[in-house]
Amino acid sequence: MEQLLDYAWLVVALPFAAAVLIGAFGKLMPLKGSEIGIAAVFVAWLISLGIGGYTFVNGPIEAVESSLTWAPMGSGFEIQLGQYVDGLTAMMLVLVTTVSLGVQLYSREYMHGEERFTYFFAMLSLFTFSMLVLVVANNTLQAVVGWELVGLCSFLLIGFYWHEKPNQDAANKAFLTTKFADIGLIVGVIVLSAGVAQTGSSTPFDIETTIDAAMGGELSTATIVLGCLMIFLGAVGKSGQMPLHVWLPDAMAGPTPVSALIHAATMVTAGVFLVARLYPVFAQSLVVMNTVAIVGVITLFFAGFVALVQDDIKKVLAYSTVSQLGYMMAALGVGGYTAGIFHLFTHGFFKALLFLGSGSLIHAVHSNNMSDMGGMRKYMPWTFATFIIGSLALAGFPLTAGFFSKDEVLVAAQIWGDAGFTMGTVVFWLGLAGAAVTTFYMARACFLIFFGEHRGVHHAAVPTHDEHADEHTVVEHAVEAEEAEAAAHDHAGAVSSTDGHDVHHGSPHESGWQILVPLVMLAVLSFPVGFAGGFLWDEVGGSTERNFETWTATHDIEETTYPFAAAAEAGAEGGEAEEGHALAGADGEVLAAGALAAEGGEEHGESLHVLHGAPEFHLDVFVYALIAFLVAVGGAWVIYGRGMPARDPTFRLGPVTTLLVNKYYFDDLGYRFVVVPVRDKLSPAASWTSNVVIDGIVKRVGGAAKRLGAVTYTTLDQKVIDGGINGAAFSAAWWSDKLRRIQSGDVQRYAGALLAGTIVLVLVFSAAR
Amino acid sequence: MLNDQGWLLTVALFLPLAGAGLMAVMPSRADVLIRRTAVVLTGLAFAVVVVITAGFDFGDAGALQYETTVGWIDAIGARYHLGIDGISLPLFFLTYLLTFLCAIYTTKHLPEPGKPKGFLALMMLLQTGMAGTFVAFDLVLFFVFWELVLVPMYFMIGIWGGPRREYASVKFFLYTLFGSVFMLVAFLSIYFAARETVTNPWDIVELTQAAGFGSSTFQTWAFLGIFLGFAIKVPMWPFHTWLPDAHTEAPTVGSVLLAGVLLKMGTYGFIRIALPILPDGAMRFAPLIGVLAVIGIIYGSLCCIAQSDVKRLIAFSSVGHMGFVMLGIASMTETGIQAALYGNIAHGVVTGMLFFLAGSLHERYHTRDIATIGGGMLVKMPRYGALLVYVSMASLGLPGLAGFWGEFTALWAARSPAEALVADGYSGLYLALVIGGAVGTVLTAGYFLWLLQRVGLGRPTGKWVEAKLADVMTIEWVSWTPLLLLILAMGVAPVIIFGVQDAAVADLVRSFTP
């Protein structure tokens, strides 16, 4: 089993081989290439399970690292290509291959009859490969490579229906927003690795080396803070953190399986993963930790509300994803290493489940809009059951996966708060409130979709529920609905050529087995993945020695301490910490130490130095979370329980609704203050200066030379020389003639001019020496 | 050993010149025969270079191989000194490959007024000039090759170019010549300054070994002269305005060679001559070069966004990409020079390919105006559209394709510039340059995606709905496939360039940094 870890690269290589084979021979295969993709990812999945099983049973294991030199890059530095297998890698391998397998199977039916079916499967395999390149990376540069490649696949798949402009725009928006954030990633990786290079390492990108250097204090605080904040900027873009989340809801323009795989379960977690991967480096600075926590908590709290005013089920899930990514990031920011990646893990399963479920619904109803659904539990019992399980998991219903992981996030925040860090308390309470919002919008979605009577696709009826709302809202909402319709195109395209499915006005019916199997698989998995990390693990036969924590903890994580916390402790023990004392602390940690001393936390739980404490059960957290859940579900039942209310209260909140419908105006601001100025102002201005100003100088110099020639000829030559000494051999006439004919391009004469000019300049130069 | 057979280099160098002579005596009626002869001749020259590459000792890539030294102009001590090392080899190879592919492409595509005889003869003359600059190790010889390039390119643009060809060709010629004059003056001053200490004061190898001669003032002024010559050729901002005009008007093959090889002569000159011979001057100029480079990156990219002509857009993209190359040089480190040379090759391959595509676009649509084309290319010509996406992705620096490594390593190098620069307090400036360069990558992605959206995606509109547009033709596949594969190979296995250059760059940098 242990040797299996050395073959982790096979998990990466298989989807790549599949992508190449599908691209080359896919169209010739009986199942048009889908069998190649599924077979490859199936084998990769088995290997991943083996690696996952071994690391789980023996965790935490010492990372198994191997690499080869990709290229020398001068001064003895090497670019490496390698694999780094530890519990965190294994967890991601299991997640990515599982979801990829389910999604590929599902796509066989969902994308059936698509013109570019084979291309779609090639892209899914290419994406899986790219994501795994990132996951197994032993160095940050390889991570950048994988990171950019998943971005490309995301771009190509969001724009899968590139005939329509909204889809093109969505694809471009996704690529460029994340690319903007990648300024941070690139600069961050460069800053950290350049710092490592100065310590004498020949492999500056190596993650292990970077972590050792950071923990050993070999990197300056400026390097760590700048490097981490910049890398975090990259993560903000990729993982849809506010305010760079704007691309993610638009990315729903892609086919639904893509939304499940890329924009819910795997790619969007890349940012969280990278922060977790470099966690010991991030943990060196309170400034960095607080930034992560603040961005995360803002995202988790505010994104959820936007989901309340969505009619498109995929948009609801998209904003939910943004919000859940916020939980992950916030957890990392408050010392909850395990909590963050645990939520990443469980979320991957149940959010993929929800997206695939929504795809099943869309497939049956021919619309993305919940207002066109209703009563679906009667028509689609399997989809109903699995969707409800996914929703309960997302809402954190006890004993589901999301319950355990969200609970752990809140516990981590509580511990951090108890240790005297305000951010912990903030994350705890806003996280709790966010949980209630999550439950409410999911309950709303479930009631609207599955309960009441089937409403069917009546486009005219879409805005009826808010016809009495203020005018502005109606207009905006109609626009939203139009956009949603455009996004729903993918489905129409998929369906138009599907035999037997194109009866628009028949009653909807359950999807086929290739869609249901992944749904049931993910629904079933939604339970054990939670138990494995939860506090009930030993109750159900697991061992406290072997759980999610021990699985994903690495030795580096276990040894990581928070230098700023230690300084705080010292400060607190020293009684009233004077400013001078705090300043005298370890260099560069002044701000952190000072802030802590000011907060004057008295309790320093032993957990401060343990980032990944064993699962703890906090009764108060459990009770709070349960109350939040019940209140939210109850509220949703009252409003939506009998089907679509004539007046949806979320649309009757006046300015609040306006704000939410306009998505807090982030999209508008980005367009108005970034896209428009660069595209319509700055670029034409640059082009103008080039063509008119700079080139104008060039032209003027040329013109002046011509005039000088003319003057030389008429004045100097004809009047002075010709009037005096006649016929000088090397006359000015020759010169002016040449200059006059500049436009004729008489090349032989240029050589003469060159020689003459050179001689003159040499004389000048020699004189100057 | 093969690699001491210096005559091979001479054969490779003058085979095209002889070919040009052969072309000249062929009857101009024999249109097809002339085109095929050109393919055979450039193919033969390429084969010789393949042999040279095969015989090259990659384990000793820092040393000058295939060296020839014979007296040439004894009166001034100029010698015929040729050689090739790890820095020269990739550029030399690229020159022969691109010319060969251009000859193949010309068998089917040649703009008005036709006349393949003159065109191909000029192209081969150009080839000798370009290749010569990369293997000449005598300043006079280098300068002769450098200037030799101007004449055929001038005629290629002036005769086979677009509507404003005369303006563009004269501008190209005079602007470059303007820079060369200063460069020649600097060469002469180097000669006079080194005369007492160096046995052969024209010899680049000996001058490199004697690096650091002359006063600080001398180095600064001499560097300024060389800088003007090379910066115009690269071109660096703000000396770039000849480039969009020349590219827009040049015939496809002219643009491919201009972008693919000619611009590289400038950066190669910096690395081979300016840095090693005038290290003090270079160190003084490095921050300025870095700033101009990053201005070029951002400014060039912004100009691209504003363009309405596909070919002019690609031309402006060269300003940005060569900015990354110059940023690598500005770091004055091994990594930076590795990055610059890598970026050189990558830009040659990728942008050369883009100009091929732009040429074929014009052949089909008879316009290069983005708005007139108006989208739907992927519907009308799916293979061609896919190639445009592929090469654009390479050009915007996607990892896994050629463009990425040069850009990333250039930025990396700029974060850790030479110690002398750090000591002078330029660390913060260089960090700003890194961020500025990274911003440039986003703008680059922006204009390429926007271009693809406007010409490639959507459905055909207007007259294009019914128009018959041929997808990629066989001759195009033949002439493009090597470049397409090279783009992938360089991205997947950067070692094929970095590995070849490593030892040579190490030696070069060691020669001028303590």
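Analysis parameters
Residues numbered from 1 in each chain as written. Chains lettered and ligands numbered in written order. Predicted model: local features only at pLDDT ≥ 70, side-chain atom pairs only at ≥ 80, totals over all residues. Helix = DSSP H or I, 4+ residues; strand = E, 2+ residues; numbered from the N terminus. Buried ≥ 20, exposed ≤ 12 C-beta atoms within 10 Å, placed from the backbone. Contact = placed C-beta atoms within 7 Å. Axes fitted to C-alpha atoms, helices over the stretch in contact; angles between N-to-C directions. Parallel < 35°, antiparallel > 145°, perpendicular 65-115°, else oblique. Nonpolar A, V, L, I, M, F, W, Y, C, P; charged D, E, K, R; others polar. Expected span 1.5 Å × (residues − 1). Bend = angle between axes of the 7 residues up to and from the residue. Core = buried A, V, L, I, M, F, W, Y, C linked by C-beta atoms within 7 Å. pLDDT = per-residue confidence, 0-100. Left-handed = near helix turned anticlockwise from the far one by under 90°.

(A) Structural view of the overall build of chain A. Each helix and strand counted, chain A has 33 helices and 2 strands in total. Here chain A holds 769 residues, and 58% of them are scored as buried. At a minimum sequence separation of 6, the contacts of chain A that also span at least 24 residues come to 79%.

(B) Quick look at the packing of helix α14 (residues 313-333) of chain A against helix α15 (residues 337-365) of chain A. Residue and element names in this part refer to chain A. Following both chains from N to C, one finds α14 and α15 inclined at 175 degrees, their axes separated by 9 Å at the closest point. Taken together, the axis directions place α14 and α15 in an arrangement best described as roughly antiparallel. Where α14 approaches α15, its residues I313, K314, L317, T321, Q324, Y327, M328, A331 and L332 are matched on the opposing element by Y337, A339, G340, H343, L344, H347, K351, L354, F355, S358 and L361. Among the residues making up the contact of α14 with α15, the classes are represented as 12 nonpolar, 6 polar and 2 charged.

(C) Up close: helix α1 (residues 7-25) of chain B. Residues and elements named next belong to chain B. Between the first and last C-alpha of α1 there are 26 Å, a value that for 19 residues agrees with the 27 Å anticipated at 1.5 Å per step. The largest bend in α1 comes to about 35 degrees, at F14, with the proline P16 one to four residues further on. For α1, the complete set of buried residues consists of L8, L9, A12, L13, L15, P16, G19, A20 and M23. Contact partners of the buried residues in α1: α2 (31-55), β1 (65-73), β2 (78-84) and α4 (116-135).

(D) Spatial organisation of the nonpolar core. With 470 residues, the main nonpolar core has A:V275, A:A352, B:A274 and B:I487 as its most contacted residues. Among the elements that line this core, the one with the most residues is helix α7 (residues 165-194) of chain B, at 19 residues. Not counting residues up to four positions away in its chain, the partners in contact with A:A352 are A:V99, A:G102, A:V103, A:A260, A:L261, A:A264, A:A265 and A:L522.

(E) Focus on unusual backbone geometry. A cis geometry characterises the amide bond from A:M242 onward to A:P243, with omega recorded as 5 degrees. With respect to the helices and strands, the residue A:P243 is situated in the loop between α8 (221-238) and α9 (247-250). Of the consecutive residues B:V234 and B:P235, the connecting peptide bond is found in the cis state with omega at -10 degrees. Phi at A:H366 is positive, roughly 65 degrees, even though this residue is not glycine. Positionally, A:H366 belongs in the loop between α15 and α16 (376-379).

(F) Spatial organisation of the interface of chain A and chain B. Contact with chain A, which involves 52 residues of that partner, is made by 57 residues of chain B. The set of elements that each furnish at least two residues to the side of chain A that touches chain B consists of β1 (64-72), α5 (140-158), α6 (165-198), α31 (666-721) and α33 (747-768) of chain A. Residue contributions to the side of chain A that touches chain B peak at 15 residues, all from α6(A).

(G) Molecular detail of α31(A). Where α31(A) bends most, the angle comes to about 50 degrees, and this point is A:P677. Turning to α31(A), its buried residues are A:S683, A:A686, A:S687, A:S690, A:Y713 and A:D717.

(H) Spotlight on the confidence of the model for chain A. Across chain A, pLDDT averages 79, with 80% of residues at or above 70. Ignoring residues within four places in sequence, the model shows residues 570-607 of chain A, a span with pLDDT below 50, making 61 contacts including any to other chains.

(I) The packing of helix α14 (residues 334-365) of chain B against helix α18 (residues 403-415) of chain B, seen in detail. All names here are of chain B. Remark: α14 packs on α18, axes separated minimally by 8 Å, with the N-to-C direction vectors making an angle of 155 degrees. One finds that α14 runs roughly antiparallel with respect to α18. Where α14 crosses over α18, the two elements pack in a sense that is left-handed. Facing T335, G336, Q338, A339, A340, Y342, G343, A346 and V350 of α14, the residues of α18 in contact are G403, W405, G406, E407, T409, A410, W412 and A413. Class assignment for the residues of the contact of α14 with α18 results in 9 nonpolar, 7 polar and 1 charged.

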